[in-house]
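# Inside the fold
Listed below, chain by chain, are the residues.
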Amino acid sequence: GQSLDGRVATATGHSKYINCPAGIEHLHRLRALVDIVVVGVGTALADNPQLTVRQVAGPQPARAVIDPRGRLGANARLFADDGVRRLLITTDGPRATPPPGVEVITLPAEDGNIAPSDIVASLASAGMRRILIEGGADTVSRFIAARCLDRLHVNVAPVMLGAGGPGIELPPLERADQAHRMPVRVHKIEDDVLFDCDLSD
């Protein structure tokens, strides 16, 4: 979810809520369709999300946080023991100890980042093939750049924030005609516009 000028938060980091209530319902519907919801540690620290299905009827997915340096505390809401699988994706070395019952996936890192392809492969081997990379912007951007997403939903709200965090930030191109033009379907969600992009080719 982002503003018309491509921002996911104001310059102060405030982001609740850029999109309309129906857009939030759409996100919860997506959560109910997947095996696991994944966020980066920046989003987990900034928003302390539950990553549950609350706005619609449906099953609760497993939850995971990508936290290479062990920054997220054990009291984070996504670690709450509510009967679903909870995972910490991290690296070797000193890290915070997650609460009991949280599964730990340890992967190598380069420059402090874990390769998206390694994350997808590890989750698939753990039985989770339908993966929702929910946020934040840096995490989603890294998965796009690594070509590890099959579909991308961008829900654009008719507001302009003027400054703040960008929704998607990718390596620069020299020419506009080098940009990949993907198949897309467009849907109206109240006043928001949802771009359902096919990144599978």
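Just above, that's the structure.
What comes next concerns the included structure. The residue numbering used here restarts from 1 in each chain and proceeds along that chain's sequence as written. Two thresholds apply to this predicted model, a pLDDT of at least 70 for residue-level local features and 80 or more for giving and counting side-chain atom pairs, whereas whole-chain, interface and lining totals are computed over all residues. Side-chain metrics in this entry use all non-hydrogen atoms of the structure; hydrogen atoms and water are not considered.

### Here's the deal with the pairing of strand β2 (residues 36-40)
In the case of a regular strand, side chains alternate between the two sheet surfaces. Relative accessible area decides the class of each residue, using a 1.4 Å probe on protein chains only: under 20% of the type maximum gives buried, over 50% gives exposed, and in between gives partly exposed. The helix count covers DSSP runs of H or I at least four residues long, the strand count covers runs of E at least two residues long, and both are numbered beginning at the N terminus. With respect to burial, β2 is a largely interior element, five of its five residues being buried. Side chains Ile36, Val38 and Gly40 of β2 all project onto a buried face; the interleaved residues Val37 and Val39 project onto the opposite face, where all are buried too. For two strands to pair, DSSP has to find at least two bridges joining them. As paired elements, β2 and strand β3 (residues 62-66) share five bridges and run parallel to each other. Bridge pairing links Val38 to Ala64 in β3. Convention used here: a crossover is right-handed provided that the path from the first strand, over the helix, to the second strand proceeds clockwise when the strands point away from the viewer. Between β2 and its parallel partner β3, the chain crosses via helix α2 (residues 41-47), and the hand of that crossover is right-handed.

### Digging into the sheet that holds strand β10 (residues 184-189)
Judged by pairing direction, the sheet is mixed, and its four strands sit side by side in the order β1-β9-β11-β10 without closing on themselves. Only two strands of the sheet have a single neighbouring strand rather than two, namely β1 (2-3) and β10. Here two bridges tie β1 to strand β9 (residues 151-157), and the two strands are oriented parallel to one another. Looking at the pairing, Ser3 lines up with Ala157 of β9.

### Here we look at the environment of Arg54
For Arg54, the position within the fold is in the loop between α2 and β3. When the C-alpha atoms of Arg54 and Arg31 are compared, they prove to be 9.8 Å apart, with 23 residues separating the residues in sequence. Note on contacts: a residue pair is in contact if any heavy atoms of the two residues lie within 4.5 Å. Every residue in contact with Arg54, bar those within four places of it in the chain, is listed here: His28 and Arg31.

### With respect to the side chain of Thr90
Locating Thr90 in the fold gives a position in strand β4 (residues 86-90). Thr90 gets classed as buried once you look at its relative accessible area, which sits at 0%. Polar contacts, as used here, are pairs of N or O atoms within 3.5 Å; protein pairs need one atom able to donate a hydrogen and one able to accept it. Residues neighboring in sequence count only if both atoms are side-chain atoms. A distance of 2.8 Å separates a polar side-chain atom of Thr90 from the backbone oxygen of Asp67. Reaching out from Thr90, the side chain makes a polar contact with the backbone oxygen of Pro68 at a distance of 3.3 Å.

### A short note on the environment of Glu25
In this fold, Glu25 is placed in helix α1 (residues 21-33). As for Glu25 and Ile189, which are separated by 164 residues in sequence, their C-alpha atoms are 9.8 Å apart. Among residues more than four places away in sequence, those in contact with Glu25 are Gln55 and Val56.

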